[in-house]
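One-letter residues, chain by chain:
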Amino acid sequence: MTHTQEQILLAPNTLPAPAGYSHIAIVPATANLAFISGQVPLDSEGKLIGGQNFEEQAIQVFRNIGIALEAVGSDFRNVVKFGMFVTDMANLPTLRSVRDRFVVGDAPPTSTLVEVSRFFRPDILVEIEAIALCPGAR
């Protein structure tokens, strides 16, 4: 954890070890927003979860986002923006179904969806980043 007056950067050990980035950035001057780096379907040991099953990969990605949110005293109710990236737009119905298991309510967060040609590992099919309020952060 790095902490300055302007920001708090976190890399919880319950998420895969980041390579050159933080999983979470909290900017207290902006009402305690957490900027969660793109999460992929890796567990805390860096093992791919779900093989080539898009749904299982998406579930792990949302689990990782949930872990990051919990690390800053927040949850999915406080997410204000998702940035979602997939390698095949045909998986959109599945992605929405998985998302709706984690995000509930009448006012879902804002969202961006982009199809990409590939990720840093060819076996990864989905990556999602998030911005959330974290009312309990200092």
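Residues numbered from 1 in each chain as written. Predicted model: local features only at pLDDT ≥ 70, side-chain atom pairs only at ≥ 80, totals over all residues. Heavy atoms only, no water.

Some thoughts on the overall build of the protein
Of regular secondary structure, the protein possesses two helices and seven strands. From first element to last, N terminus to C terminus, the protein shows the α and β order β-β-β-β-α-β-α-β-β. Residue pairs at least 24 apart in sequence account for 68% of intrachain contacts in the protein once pairs closer than 6 positions are excluded. Just so you have it, the protein exposes about 7,400 Å², and 52% of that area is on carbon and sulfur atoms. (Helix = DSSP H or I, 4+ residues; strand = E, 2+ residues; numbered from the N terminus. Contact = heavy atoms within 4.5 Å. Areas by Shrake-Rupley, 256 points an atom, 1.4 Å probe, with all protein chains shown as cover.)

A word on the confidence of the model for the protein
Looking at the protein, pLDDT values average 88 and 86% of them are 70 or higher. Mean pLDDT across the secondary structure elements of the protein bottoms out at strand β1 (residues 2-3), with 52, and peaks at helix α1 (residues 54-71), with 97. (pLDDT = per-residue confidence, 0-100.)

A short note on the pairing of strand β4 (residues 33-39)
With six of seven residues buried, β4 lies mostly within the body of the structure. Judged from the five bridges that link them, β4 and strand β7 (residues 126-133) form a sheet pairing that is antiparallel. Considered in β7, the bridge of Phe-35 is made with Ile-131. (Buried < 20%, exposed > 50% of the residue type's maximum accessible area, 1.4 Å probe, protein only. Pairing = 2+ DSSP bridges.)

Description of the packing of α1 against helix α2 (residues 92-102)
At a minimum axis distance of 9 Å, the contact between α1 and α2 shows a crossing angle of 35°. Considering only the axes of α1 and α2, their crossing is right-handed. Facing α1, whose interface residues are Phe-54, Glu-55, Ala-58, Ile-59, Phe-62 and Arg-63, α2 presents Thr-94, Leu-95, Val-98, Arg-99, Arg-101 and Phe-102. When its residues are assigned to classes, the contact of α1 with α2 shows seven nonpolar, one polar and four charged. (Axes fitted to C-alpha atoms, helices over the stretch in contact; angles between N-to-C directions. Left-handed = near helix turned anticlockwise from the far one by under 90°. Nonpolar A, V, L, I, M, F, W, Y, C, P; charged D, E, K, R; others polar.)

As for the pattern of salt bridges
Summed over all chains, the structure comprises four salt bridges. With a shortest N-O distance of 3.1 Å, Asp-100 and Arg-99 are connected by a salt bridge. (Salt bridge = Lys/Arg side-chain N within 4 Å of Asp/Glu carboxyl O.)

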